[in-house]
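Structural overview for review
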Protein chains: 2
Amino acid sequence: MEDHSTLKEELNENLVEFFDRFTSWESSVIESSNLKISDAHAIEILGHYGRMNMKDLAGRLGITTGTTTITVDRLEKGGFAQRVRAEHDRRSYIIELTEEGTQAYEEHHRHHLNLAAEIAELLGDEETRTLIVLLKKINERI
Amino acid sequence: MEDHSTLKEELNENLVEFFDRFTSWESSVIESSNLKISDAHAIEILGHYGRMNMKDLAGRLGITTGTTTITVDRLEKGGFAQRVRAEHDRRSYIIELTEEGTQAYEEHHRHHLNLAAEIAELLGDEETRTLIVLLKKINERI
DNA sequence: TCAAATAGTTTGATGATCTAACAATATGAA
DNA sequence: TTCATATTGTTAGATCATCAAACTATTTGA
């Protein structure tokens, strides 16, 4: 259907395919965890960046604080996270992972590292380093 | 928060960041189009692979035919696509983009090519070709 | 020919998300 | 200090995306 007559067209094709594959890989990992997608995302952020308040969590997730309230309610109900009163601002809560939440994060992280390891093995050290350099350049600018 | 003590950890970090950036870029492109996300995805598939029946469209989208019915209903209502009776199977419809739908696809595709062009310019021809090679290897196996 | 399979739709449910209005608290200028 | 304004988080009411299961119409194959 598509011809790759130019470099940018070929790059686009491969970027889109990579993105689609990564997307379906991520969904299947989340599915296997028995968590809702939004819960899994919140756990990912909290595990990666550490405890933070509702506003920052919403910001990192790219959603409103209203939606974040609902997500954190469910995480608390499921025993994955807890709200702790912020010391210096009584309007605010700090959200942190519980032991169970931390385990769920680590489980998810292991899946990611396995995928990265698989790619690194496929490419070899030299090309893996090259890929990292290219991704860094792109991430800085896009 | 993270240390990149191993190659796979550093690769994972950069892959995840790249994926997140691409995700939010894609949402903002769709938002600017005034289409619903599911409609935009269907238009992307139909524009890329051409006309197909409901079942194949659902398969390409990775959703059920029930959900696809709703999406195609809205695409028809909006004038972006139309159902045509399949010649050799009267249970089946072929879904195809209208003129307006094709324009919407091309608009979306232009955005993609602009992003690819931006990346290609950032990297230069040599590194762009390298990136394509690496993505191809990964896409074949993941 | 007719039972089983298939394509698509409908129905009833849940989940993810938004905006707008709200309550509680913090902040800063008069 | 005080009070208007800003900020943090929650709630309410809405839309959209999605699924599974039941259904209709049609095709297929033993």
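Note that this is a predicted model, so its numbers are computed, not measured. (Residues numbered from 1 in each chain as written. Chains lettered and ligands numbered in written order. Predicted model: local features only at pLDDT ≥ 70, side-chain atom pairs only at ≥ 80, totals over all residues. Heavy atoms only, no water.)

1. Details of the interface of chain B and chain A
- Listed as interface residues are 49 residues of chain B and, on the opposing side, 48 residues of chain A.
- In total, about 5,400 Å² of surface goes out of reach between chain B and chain A, with carbon and sulfur atoms giving 74% of it.
- Sorting the residues of chain B by area buried against chain A places B:Phe19, B:Asn139 and B:Ile142 first, and these three jointly supply 12% of that buried surface.
- Between chain B and chain A we count four salt bridges in total.
- The partner of A:Glu10 in a salt bridge is B:Lys136, and the shortest N-O contact between them spans 2.3 Å.
- Our enumeration of links across chain B and chain A arrives at 14 residue pairs in polar contact (both at pLDDT 80 or more).
- Secondary structure elements with two or more residues in the side of chain B that touches chain A: helix H1 (7-31), helix H2 (37-49) and helix H5 (99-141) of chain B. (Contact = heavy atoms within 4.5 Å. Buried area = accessible area lost by both parts, 1.4 Å probe. Salt bridge = Lys/Arg side-chain N within 4 Å of Asp/Glu carboxyl O. Polar contact = N/O pair within 3.5 Å; in protein donor to acceptor, adjacent residues only side chain to side chain. Helix = DSSP H or I, 4+ residues; strand = E, 2+ residues; numbered from the N terminus.)

2. Concerning the protein's contact with DNA strand D
- Lining the immediate surroundings of DNA strand D are 22 residues, of which A:Lys55, A:Thr69, A:Arg91, A:Ser92 and B:Arg74 lie closest.
- In the interface set of DNA strand D, defined as its atoms within 4 Å of the protein, sugar plus phosphate atoms amount to 76%.
- Between A:Lys55 and DNA strand D, the recorded distance is 2.5 Å, taken from a backbone N or O atom to a phosphate oxygen.
- Contacts to DNA strand D include B:Ser38, whose side-chain N or O atom sits 3.0 Å from a phosphate oxygen.
- Counting only elements with at least two residues in the surface near DNA strand D, the list comes to helix H3 (54-61) and helix H4 (65-77) of chain A together with H2 and helix H4 (65-77) of chain B.
- A breakdown of the residues in the surface near DNA strand D according to their chemical character gives five nonpolar, nine polar and eight charged. (Near = heavy atom within 4 Å. Nonpolar A, V, L, I, M, F, W, Y, C, P; charged D, E, K, R; others polar.)

3. Observations concerning the protein's contact with DNA strand C
- Close contacts around DNA strand C come from 22 residues, with A:Arg74, B:Lys55, B:Thr69, B:Arg91 and B:Ser92 the closest.
- The sugar-phosphate portion of DNA strand C accounts for 74% of its atoms within 4 Å of the protein, the bases making up the rest.
- Here a phosphate oxygen of DNA strand C and a backbone polar atom of B:Tyr93 are 3.2 Å apart.
- Broken down by secondary-structure element, the contributors of at least two residues to the surface near DNA strand C are helix H2 (37-49) and H4 of chain A together with helix H3 (54-61) and H4 of chain B.

4. What about the environment of A:Thr102?
Residues and elements named next belong to chain A.
- Within the secondary structure, threonine 102 is located in helix H5 (residues 99-141).
- Relative accessible area serves as the criterion here: at 28%, threonine 102 is assigned to the partly exposed category.
- In this structure the C-alpha to C-alpha distance between threonine 102 and isoleucine 43, which are 59 residues apart in sequence, comes to 8.0 Å. (Buried < 20%, exposed > 50% of the residue type's maximum accessible area, 1.4 Å probe, protein only.)

5. Quick look at the pattern of salt bridges
- This structure, assessed with the given rule, holds 20 salt bridges over all chains.
- Across the pair A:Lys137 and B:Glu127 runs a salt bridge, and its minimum N-O distance is 2.9 Å. Linking A:Lys137 in helix H5 with B:Glu127 in helix H5, this pair reaches from one chain into another.
- Given the relative accessible area of 25%, B:Glu127 is considered partly exposed.
- With its nearest N and O atoms 2.8 Å apart, the salt bridge here joins B:Asp89 to B:Arg91.
- B:Asp89 sits in the partly exposed class, given a relative accessible area of 27%.
- Linked by salt bridges that have partners in common, A:Asp73, A:Glu76 and A:Arg83 make up one network.

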